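# Working through the structure, step by step
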Amino acid sequence: MPVLFVGHGSPMNAIEGNEFSQEWKKIGQSLPIPKAILCISAHWETKGTSLTAMEKPRTIHDFGGFPPELFEVQYPARGSPELARKVKGLIKKVESGLDERWGLDHGCWSVLKSMFPEANVPVVQLSLDYSQPAQYHYELAKELLPLRKKGILIMGSGNMVHNLRLIDWGKMNEPGFGYDWTIEANERMKKYILSNNHQALIDYQSQGKAFNLAIPTPEHFLPLLYALALKEDDDTIEIFNDKPVMGSLTMTSFWLHK
């Protein structure tokens, strides 16, 4: 199976039918139908590592200040306790837990709603242990590689550049507007991705001012490392939705495929 890293951006992308969600739709139509999806979302941070293991995960509206119609969205995909147990067995780096409370957060369902609108593919989420460094996450992701050969689509969901404190709300409707440091960080990240320089991205905290501004906290960046860790030598890297928004976010995404 291919592997995805998706810049999910605003939850409104789930209902706006804009250029980003249209691209998600096209990607979904071009993918082989997965047996199940394993999603690593920026929006599920835990102490330790957990997997959603319920039969029917709830749709979590983990945001505020948006129109009522966004809170009415449901994404009724089934869960997969079987996949959760399988992933738990693959992960040797740490003892992972099976969670019955979380569900699907907007980092997951806002993308899958366009990619798989019928919600007919089971979905499991893998949490991000906020206490661990980037190298730990990259190494843990390596353990997930056998899933690709079993028809499981692995998707990291975050944003390469994600600094909410510096957003220019006046530019909300101008996709393509980015600060100089946003453009610099995004271009360097793409260079590292395309040249397979994964260590430079693992060492993002030593990459200078543009990276420090782009990644003030790591949760939106770490899902990118999960996707990169699963790259094989014969994979092609294809970048899509490569645009900044509101100055200090980028929607830049990529997928790995044969």
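No experiment lies behind these values; they were computed from the predicted model shown. (Residues numbered from 1 in each chain as written. Predicted model: local features only at pLDDT ≥ 70, side-chain atom pairs only at ≥ 80, totals over all residues. Heavy atoms only, no water.)

## Focus: the overall build of the protein chain
Rules: Put simply, DSSP H or I for four residues or longer makes a helix, DSSP E for two residues or longer makes a strand, and each gets a number counted from the N terminus. To get the radius of gyration, use the C-alpha atoms; to get the globule rule, take the number of residues to the power 0.38 and multiply by 2.2 Å. Only protein chains enter the accessibility calculation, which uses a 1.4 Å probe. A residue is then buried if its area is under 20% of the maximum for its type, exposed if over 50%, and partly exposed in between. Residue contacts are defined here by distance: any two heavy atoms, one from each residue, within 4.5 Å place the two residues in contact.
Looking only at helices and strands, the protein chain has ten helices and twelve strands in total. Taking 258 residues into account, the globule formula puts the C-alpha radius of gyration at 18 Å, and the protein chain, at 17 Å, falls close to it. Along the three orthogonal principal directions, the C-alpha set of the protein chain runs to about 45 × 40 × 35 Å. Out of the 258 residues belonging to the protein chain, those deemed buried represent 59%. If you take every contact in the protein chain between residues at least 6 apart in sequence, the share linking residues at least 24 apart comes to 81%.

## Overview of the nonpolar core
Soluble globular proteins: nonpolar side chains tend toward being buried together. Short version of the rule: We define the nonpolar core as a collection of buried residues of types Ala, Val, Leu, Ile, Met, Phe, Trp, Tyr and Cys that are connected through side-chain atoms lying within 4.5 Å of one another.
Counting 50 residues, the largest nonpolar core has Leu38, Leu126, Leu144, Met189, Leu201, Leu224 and Phe254 as the members making the most contacts within it. By residue number, the principal contributor to this core is helix α10 (residues 222–229), which donates seven residues. Here leucine 144 is in contact with Leu38, Val87, Ile91, Leu126, Ile154, Tyr226 and Leu230, once residues within four sequence places are set aside. The next biggest cluster of nonpolar side chains, apart from the first, holds 35 residues, and it includes Val6, Ala14, Ile37 and Leu112.

## A look at the sheet that holds strand β8 (residues 152–158)
As a reminder, the rule being used: Strand pairing is assigned whenever DSSP detects at least two bridges linking the two strands. Axes here mean lines fitted to C-alpha atoms, for a helix over just the part in contact, with angles spanning 0 to 180 degrees between N-to-C directions.
Sheet architecture is open: six strands sit in the order β6-β2-β8-β1-β12-β9, paired in mixed fashion. On the outer flanks of this sheet lie β6 (123–125) and β9 (236–240), each paired with one strand and no other. Ignoring strand direction, the axes of neighbouring strands in this sheet form an average angle of 20°. Pairing analysis gives three bridges linking strand β1 (residues 3–7) to strand β12 (residues 253–257), with the strands arranged antiparallel. From the neighbouring strand, phenylalanine 5 faces β12, where its bridge partner is phenylalanine 254. Taken strand by strand, helix α4 (residues 81–90) contacts β2 (36–41), β6 and β8, and its axis lies near 60° from that of β2.

## A word on the environment of leucine 128
With respect to the element layout, leucine 128 can be found in strand β7 (residues 128–129). Expressed as a C-alpha distance, the spacing of leucine 128 and serine 41, which sit 87 residues apart in the sequence, is 7.7 Å. Look past the residues within four positions of leucine 128 in its chain and what remains in contact with it is Ile40, Ser41, Ala42, Trp44, Glu45, Thr46, Gly48, His137, Glu219, Leu222, Pro223 and Tyr226.

## Observations concerning the pattern of salt bridges
Worth spelling out the cut-off: Think of a salt bridge as a Lys or Arg side-chain nitrogen and an Asp or Glu carboxyl oxygen that are within 4 Å of each other.
The final tally for this structure, using the stated rule, is 15 salt bridges. For arginine 101, the salt bridge goes to aspartate 99, with nearest N and O atoms at 3.7 Å. Between glutamate 232 and arginine 148 there is a salt bridge whose closest N-O contact spans 3.9 Å. With glutamate 232 in the loop between α10 and β9 and arginine 148 in the loop between α6 (134–142) and β8, the pair connects residues that are 84 residues apart, well separated along the chain. Of the two residues, glutamate 232 and arginine 148, neither departs from the other in class, the shared state being buried. Among the ionic contacts, a cluster of salt bridges with common partners joins Arg148, Lys149, Glu232, Asp234, Asp235 and Lys258.

## Overview of helix α7 (residues 180–194)
Threshold: One less than the residue count of a helix, multiplied by 1.5 Å, gives the span that helix is expected to have. Note that the arc is defined by the directions from the helix axis to the C-beta atoms.
Taking 1.5 Å of rise per residue, the 15 residues of α7 would be expected to cover 21 Å, and the 21 Å separating its terminal C-alpha atoms lies within 8% of that figure. Taken as a whole, α7 has its buried residues at Trp181, Thr182, Ala185, Asn186, Met189, Lys190, Tyr192 and Ile193. All buried residues of α7 project into a common sector of 165° when viewed along the axis, lining one side. Facing away from the buried side of α7 by more than 90 degrees, the exposed set consists of Asp180 and Lys191. Directly after α7, the chain includes asparagine 196, whose backbone phi takes a positive value near 60°.

## A closer look at the state of the cysteines
To keep things clear, this is the line we draw: Sulfur atoms of two cysteines make up a disulfide when they are within 2.5 Å.
As enumerated under the stated definition, the model contains zero disulfides in all. For the unlinked cysteine cysteine 39, the closest cysteine sulfur is that of cysteine 108, found at 3.7 Å. Its relative accessible area of 0% is what places cysteine 39 among the buried residues. Residue classification places cysteine 108 among the buried positions, given a relative accessible area of 0%.

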